[in-house]
Amino acid sequence: MLELKGVSKQVGDDIHVADVSLALERGTLNVLLGPTLAGKTSLMRLMAGLDRPTRGQVWFDGSNVTGVPVQKRHIAMVYQQFINYPMLTVYQNIASPMKLSGADRATIDREVRQAAELLKLTPYLDRTPLSLSGGQQQRTALARAIVKKAGLVLLDEPLANLDYKLREELRTELPKIFAESGAIFVYATTEPSEALLLGGNTATLSEGRITQFGPTIEVFRRPADLITAQTFSDPPLNILSITKRGPNFTLDRSGQPLGLPVGLSGLADGRYTAGFRPHHLVARRPGPDAAAFQATAFVTEFNGSESFVHLDFAGERWVMIAPGIHDHQIGDPIEVFLDPRHIMIFDATGQAVGGHARAGATADAPAVNIRAG
């Protein structure tokens, strides 16, 4: 088990990691999800021993390894900016950690060729990295991490430079590979869709803090606060300011009444924030209880078989993901609908409130092939 106990990292006046406590079990896949500069790489460097925490401790398998340098830890690391030995062949690069550990020649050959086959590197084993494409060099670095059989494997956006097809294949295969090895697998990404595809557990990060940690689909479906919901949504979460008075909810900007899921009658009167994901906003009424909004088109983006329709509603900017190609012109009126079951409610401090409202999605949580978080 890898345990971070109240770990913080400060450089001058800048806080890179703030009071992180986390326990990661062997044989698990753990995703660090957050935007650029959220603290993902800084946290991984502390896990690896590349940096020492300003405060707190790092424990591995019951031993305090705080301050133990990376050279004395059995870990493997792969970064978006790949690192290979330029004078060695691809075969020799992949084999290098096994040679250092004293593995016999037959074992090395078997493991290297299996990793090369998985990562489509077999035709290039006799080449040096500088004769390969960037994607092939990244795959070489991944193969080296696979054969090392490390107890802790840290992957910092390792698939970002690969082509789409290979990236999708590896997202499926990598969790199986490392789960079978019994390693702790930590994977950093900025993409909510990648976290959903990988599964396992997810820790959402914002400004160096972990806002929530748990099974990936549960963090997605039941964000504990507004920051987590926004972190786990791409395109961005749509939000509304609403007010509750008695049994009624109204939109602050337009005064329009808003129906919400049952179970919220006990909420105190006051102002709240409603959030909902872009794929839950639709152009056809999904049911009799759906809320209707009269919006106008702002801009439309096409993403393969989907359209990202940017809308203006009472001064709020929303995004709707619509299947197919929809060529809306700027200013076109569009009526859009939202099933109240998919509305998440957050209080003035940003904490999720309510039962179904906290779930944000009930029966139709999206499949992992959508881009929306």
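Residues numbered from 1 in each chain as written. Predicted model: local features only at pLDDT ≥ 70, side-chain atom pairs only at ≥ 80, totals over all residues. Heavy atoms only, no water.

In the annotation of an unreviewed UniProt entry, the protein is listed under the name ABC transporter ATP-binding protein and assigned to Tistrella arctica.

Draft legend 1. Layout of the packing of helix 3 (residues 105-118) against helix 4 (residues 134-148). Close contact between helix 3 and helix 4 brings their axes to 9 Å; oriented N to C, the two are set at 135 degrees. For the element pair helix 3 / helix 4, the angle class is oblique. The hand of the helix 3/helix 4 crossing is right-handed. Taking contact as the criterion, the partners of Glu 111, Val 112, Ala 115 and Leu 118 in helix 3 are, on helix 4, Ala 143, Ile 146 and Val 147. Residue classes in the contact of helix 3 with helix 4 are distributed as six nonpolar, no polar and one charged. (Axes fitted to C-alpha atoms, helices over the stretch in contact; angles between N-to-C directions. Helix = DSSP H or I, 4+ residues; strand = E, 2+ residues; numbered from the N terminus. Parallel < 35°, antiparallel > 145°, perpendicular 65-115°, else oblique. Left-handed = near helix turned anticlockwise from the far one by under 90°. Contact = heavy atoms within 4.5 Å. Nonpolar A, V, L, I, M, F, W, Y, C, P; charged D, E, K, R; others polar.)

Draft legend 2. View of helix 2 (residues 90-100). Burial runs high along helix 2: eight of the 11 residues are buried. Within helix 2 the residues assigned to the buried category are Val 90, Tyr 91, Asn 93, Ile 94, Ala 95, Ser 96, Pro 97 and Met 98. On the buried face of helix 2, the contacting elements are helix 3 and helix 4. Two residues or fewer after helix 2 comes Gly 102, characterised by a positive phi angle close to 85 degrees. (Buried < 20%, exposed > 50% of the residue type's maximum accessible area, 1.4 Å probe, protein only.)

Draft legend 3. Region of the structure containing the packing of aromatic side chains. Applying the stated criterion across every chain yields a total of six aromatic pairs. With a centroid separation of 5.2 Å and 75 degrees between ring planes, the pair formed by Phe 293 and Phe 313 is classed as edge-to-face. With Phe 293 in strand 15 (residues 291-303) and Phe 313 in strand 16 (residues 306-313), the pair connects residues that are 20 residues apart, well separated along the chain. Given a relative accessible area of 5%, Phe 313 falls into the buried group. Ring geometry for Phe 313 versus Trp 318: centroids 4.9 Å apart, planes at 25 degrees, classification stacked. (Phe/Tyr/Trp six-rings, centres within 6.5 Å; stacked < 30°, edge-to-face > 60°.)

Draft legend 4. Quick peek at the sheet that holds strand 8 (residues 184-189). Here six strands make up an open sheet; going across it, the order is 6-7-8-3-9-10 and the pairing mixed. Lying at the two open borders of the sheet, with one neighbouring strand each, are strand 6 (75-79) and strand 10 (209-215). Mean inter-strand twist for the sheet, computed between neighbouring axes without regard to direction, equals 15 degrees. Pairing geometry for strand 9 (residues 201-206) and strand 10, over six bridges, is antiparallel. Bridge pairing in strand 10 links Ser 206 to Arg 209. Along the sheet, helix 1 (residues 40-48) contacts strand 3 (29-33), strand 6, strand 7 (152-156), strand 8, strand 9 and strand 10; its crossing angle with strand 7, the most-contacted strand, is approximately 160 degrees. Across the sheet, helix 4 touches strand 6 and strand 7, and the angle it forms with strand 6 is around 165 degrees. (Pairing = 2+ DSSP bridges.)

Draft legend 5. Region of the structure containing the sheet that holds strand 12 (residues 248-251). The strand order across the open sheet formed by five strands is 12-11-13-19-20, and the pairing between neighbours is antiparallel. Each edge of the open sheet is held by one strand with a lone partner, namely strand 12 and strand 20 (352-353). Here strand 19 (residues 344-346) pairs with strand 20 via two bridges, running antiparallel. Directly across from Ile 345, in strand 20, lies its bridge partner Val 353.

Draft legend 6. The arrangement of the pattern of salt bridges in detail. With the rule as written, the count across this model stands at 11 salt bridges. Between Asp 269 and Lys 244 there is a salt bridge whose closest N-O contact spans 3.4 Å. With Asp 269 in the loop between strand 12 and strand 13 (270-276) and Lys 244 in strand 11 (residues 238-245), this residue pair connects regions lying 25 residues apart in the sequence. Judged by its relative accessible area of 52%, Asp 269 falls in the exposed class. With relative accessibility at 3%, the residue Lys 244 sits in the buried group. (Salt bridge = Lys/Arg side-chain N within 4 Å of Asp/Glu carboxyl O.)

Draft legend 7. Structural detail: the pairing of strand 15. Here strand 15 pairs with strand 18 (residues 333-338) via six bridges, running antiparallel. Across the sheet, Ala 291 pairs through a bridge with Leu 338, a residue of strand 18. Sheet topology places strand 15 next to strand 16; seven bridges connect them, and they run antiparallel. Each bridged residue has a counterpart across the sheet, and for Thr 296 the counterpart in strand 16 is Asp 312. Connecting the antiparallel pair strand 15 and strand 16 is a turn made up of two residues, with Gly 304 showing a positive phi of about 65 degrees.

Draft legend 8. Representation of unusual backbone geometry in the model. A cis amide bond, omega 0 degrees, links Asp 234 with the succeeding residue Pro 235. Along the chain, Pro 235 turns up in the loop between helix 8 (226-231) and strand 11. In the Ramachandran plot, Lys 149 falls in the positive-phi region, its phi being about 55 degrees despite a non-glycine side chain. Take Lys 149: it is sitting in the loop between helix 4 and strand 7. Residue classification places Lys 149 among the partly exposed residues on the basis of a relative accessible area of 47%. The backbone of Ala 314 sits at a positive phi, close to 50 degrees, despite the residue not being glycine. Mapped onto the elements of the fold, Ala 314 is located in the loop between strand 16 and strand 17 (316-323). Residue classification places Ala 314 among the partly exposed residues on the basis of a relative accessible area of 34%.

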